[in-house]
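Notes for the structure review
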Amino acid sequence: MAIDFNPSNGATLGIEWELQLVDVETRHLRQDAREVLAALPVLAEGTGIPKVRHELMESTVEVVTDICNTVGEAKDDLAATLASLRSAAAERDLTLACTGTHPISDWRDAVMAPMGRYAQLIEQMQWLARRIQTFGVHVHVGISDGAKAIPIVNALSAYLPHFLALTASSPFWSGSDTGLASCRAVVFGQLPTAGPPHSLDDWAAFEGYMDTLLRAGTIRSIKEVWWDIRPHPDFGTIEIRMFDGIPTLREVGMAAALCQSLVTLFDQQLDRGYTLPRPAAWVVRDNKWRATRYGLDAIVITDDTGNTAPLRDDLYELIRELEPVSDRLGCAEELKVAGEVLEHGAPYERQRAIRAEGGTLENIVDAAIVELAEDRFVTQGEVAHAAT
C-alpha cells in the first residue's frame, strides 16, 4: 500500500498533554470530562484541531496545541488553553493535575469516553484497554521529507530511556508503590501494537509492514500502531509518545525542546549525507525496561556489544551536545530544564520523597496539583496541600 506523507514546513511542533480531572475534596479522579468539555464548546468543537478533547477515559482531558514553530509558542498555546480548562473545572469542584498514573484512584472505577472507536478498542483488547487510566504527553516534530521518517525514528529509538526517565511520574498504581519509575510504560505497553518502534529499512518497508498488519486484521488503521515513536503521515511529523504524564508546563517545554532538537539534528545529518545510528532491537527493548524500572538511576546499554553507562551521565552529555541546535531553534532555556530535573529529581523521585518523609498518597496528589498550578517542582522537605 502507498502511504502519502504530508511534509511539514520545517521542524514545526505540536503537543498533546493529557490532564487529570481531580475532585477538590477527595483527591480522587472524577469521570467528568464530558461535562467539562461541554462547557468549552469553542475549544472542544472549533474549526481545525480541537484545543481540548476526550481521551479513552472520562477522567482525562487532552489539551492540544495548534501547529507551532517554537517551543515558546507551544508553551504559550498550552498555557492559554489550560487557563480556560482550569476555570471550567473549578466550576464543577474539580482541579487539574498530571502524572503518568493517579496514585490512589482505582482503574476499575474508570468510565470510558463516549466515542465509537474507544468502544471498539475495549471490545477488542478487553482488560488490557479497560485498565488504561494513564496519562502521557506526545510531541510531534515536523519533517520536510517522508524519506527521512524511518531513519529518524530508528535513531530516536536509542533515546527511549532518556525521554522516559526525565518524565517518569507513575511509581504508584491503585494505592500501591509498584517499585517502578513508570508503571504507565508497562500498562500501556502491553497493547499488542504498542512498545518500541519496529526497526525498518525505509519508507517502503514501513508501507509494506502496515499493509501486512491491515491484511492480517491486526489493525483497522495505521493510527492503531501505538509505537513509542512513530511517523504520523497525515501531520508530516515524527511523534514521540514515550513521555509519562508531565506535572509542569516547564517540563513539557523541556520535553518539546529535547524532541525538536534531536529531530532537527538528525534531519540535518541526513541532509549532509550521514547514515544515522540504528540501535539493535534488543538494546532498545532492554534500555526501555531499565528506565521503566530505575528511571534516572538506570545503567543503559550504549552499543550493540553490551557496553554500558549511567543514564544520568549520558543525559548530561546529550544536553551539552544539543546546546548548539537548541540555540538555533530558540529553545535553549527550555532544554536547560533537563539539568534542573537531574538536580532536583524527576517526578517519580519527587513523589517518593514525599512518601519517604511520612506524607500520604493524598499529599502526593496535592503536590501534583501544586506543581501544575504554580509551574514549579515540589521538592524534598515540602509536603503540599494544594490550594484549589
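Let me sum up the structure you'll find in this document.

About the criteria used
- Residues numbered from 1 in each chain as written.
- Predicted model: local features only at pLDDT ≥ 70, side-chain atom pairs only at ≥ 80, totals over all residues.
- Heavy atoms only, no water.
- Helix = DSSP H or I, 4+ residues; strand = E, 2+ residues; numbered from the N terminus.
- Rg over C-alpha atoms; globule rule 2.2 N^0.38 Å.
- Buried < 20%, exposed > 50% of the residue type's maximum accessible area, 1.4 Å probe, protein only.
- Areas by Shrake-Rupley, 256 points an atom, 1.4 Å probe, with all protein chains shown as cover.
- Lys, Arg positive; Asp, Glu negative; His and termini not counted.
- Charge placed at Lys NZ, Arg CZ, Asp CG, Glu CD.
- Pairing = 2+ DSSP bridges.
- Core = buried A, V, L, I, M, F, W, Y, C linked by side-chain atoms within 4.5 Å.
- Contact = heavy atoms within 4.5 Å.
- Axes fitted to C-alpha atoms, helices over the stretch in contact; angles between N-to-C directions.
- Parallel < 35°, antiparallel > 145°, perpendicular 65-115°, else oblique.
- Salt bridge = Lys/Arg side-chain N within 4 Å of Asp/Glu carboxyl O.
- Phe/Tyr/Trp six-rings, centres within 6.5 Å; stacked < 30°, edge-to-face > 60°.
- Expected span 1.5 Å × (residues − 1).
- Arc of directions from axis to C-beta.

**Structural notes on the overall build of the protein chain**
For the protein chain, the helix and strand inventory stands at 15 helices and 13 strands. Against the 2.2 N^0.38 benchmark of 21 Å for 388 residues, the protein chain shows a C-alpha radius of gyration of 20 Å, consistent with a compact globule. Viewed in the frame of its principal axes, the protein chain has a C-alpha envelope of about 55 × 45 × 35 Å. A total of 388 residues make up the protein chain; the buried ones form 58% of that total. Of the roughly 15500 Å² that the protein chain leaves accessible, carbon and sulfur atoms contribute 49%. Taking the average location of the 34 positive side-chain charges in the protein chain and that of its 56 negative ones, the two points are 3 Å from each other.

**Observations regarding the pairing of strand E11 (residues 237–244)**
Most of E11 is tucked away: eight of the eight residues are buried. As paired strands, strand E5 (residues 136–142) and E11 are joined by six bridges and run antiparallel to one another. The partner of Val 137 across the bridge, within E11, is Phe 243. The pairing of strand E10 (residues 229–232) with E11 spans four bridges and is classified as antiparallel. Within E11, the residue paired with His 232 across the bridge is Thr 237. Taken together, E10 and the strand that follows it, E11, pair antiparallel across an intervening segment of four residues, in which Gly 236 is found at a positive phi of about 70°.

**Points about the nonpolar core**
Ranked by size, the top nonpolar core spans 95 residues in total, and within it Trp 17, Leu 156, Phe 163 and Ile 240 carry the most contacts. For this core, the leading source of residues is helix H10 (residues 249–271), giving 12 residues. Among the nonpolar cores identified, the runner-up in size contains 15 residues, and Ala 97, Ile 364, Ile 369 and Val 378 belong to it.

**Comments concerning the environment of Thr 193**
As for its placement among the helices and strands, Thr 193 is situated in the loop between helix H8 (184–189) and strand E8 (194–195). Taking the C-alpha atoms as reference, Thr 193 lies 10.0 Å from Asp 228; in sequence the two are 35 residues apart. Among residues more than four places away in sequence, those in contact with Thr 193 are Thr 218, Ile 219, Glu 224, Val 225, Trp 226 and Trp 227.

**Quick notes on the packing of H10 against helix H12 (residues 311–329)**
Between H10 and H12, the least distance of the axes is 9 Å, while the angle of their chain directions is 85°. As the angle between them shows, H10 and H12 are arranged roughly perpendicular. On H12, the residues that touch Leu 258, Gln 260, Ser 261, Leu 262, Thr 264, Leu 265 and Gln 268 of H10 are Leu 318, Glu 321, Leu 322, Val 325, Ser 326, Arg 328 and Leu 329.

**Observations regarding the pattern of salt bridges**
With the rule as written, the count across this model stands at 29 salt bridges. Put simply, Arg 30 and Asp 23 hold a salt bridge, and the shortest N to O gap is 2.7 Å. Each of Glu 16, Arg 53 and Glu 62 takes part in a single network of salt bridges with overlapping partners.

**Comments concerning the side chain of Thr 134**
By secondary structure assignment, the location of Thr 134 is in the loop between helix H5 (127–130) and E5. What makes Thr 134 buried here is its relative accessible area of 10%. Apart from the residues within four sequence positions on either side, Thr 134 is in contact with Glu 18, Gly 100, Thr 101, Trp 173, Arg 184 and Val 187.

**Description of the packing of aromatic side chains**
Counted under the stated rule, the structure contains seven aromatic pairs. An angle of 45° between the planes, with centres 6.3 Å apart, marks the rings of Tyr 159 and Phe 266 as tilted. Of this pair, Tyr 159 sits in the loop between helix H6 (149–156) and helix H7 (160–167) while Phe 266 is found in helix H10, placing the two residues 107 residues apart along the sequence. By relative accessible area, which is 16% here, Tyr 159 ends up buried.

**Section: helix H13 (residues 332–344)**
Helix length check: H13, at 13 residues, gives a terminal C-alpha distance of 19 Å against a target of 18 Å (1.5 Å per residue), a fit within 8%. Regarding H13, the residues found buried are Ala 332, Glu 334, Leu 335, Val 337, Ala 338, Val 341 and Leu 342. Of the surrounding secondary structure, the elements contacted by the buried residues of H13 are helix H3 (71–90), H7, H10 and H12. Downstream of H13 by one or two residues, Gly 345 has phi in the positive range, about 115°.

**Description of helix H4 (residues 116–125)**
Listing the buried residues of H4 in full gives Tyr 118, Leu 121, Ile 122 and Met 125. Down the axis of H4, the buried set is contained in an arc of 95°. They therefore lie on one face. Looking at H4, the residues exposed on the side facing more than 90 degrees away from the buried face are Gly 116 and Glu 123. Residues of H4 that are buried in the fold lie against strand E2 (52–54), H5 and strand E9 (226–227). In the stretch just after H4, Gln 126 is the one whose phi turns positive, near 55°.

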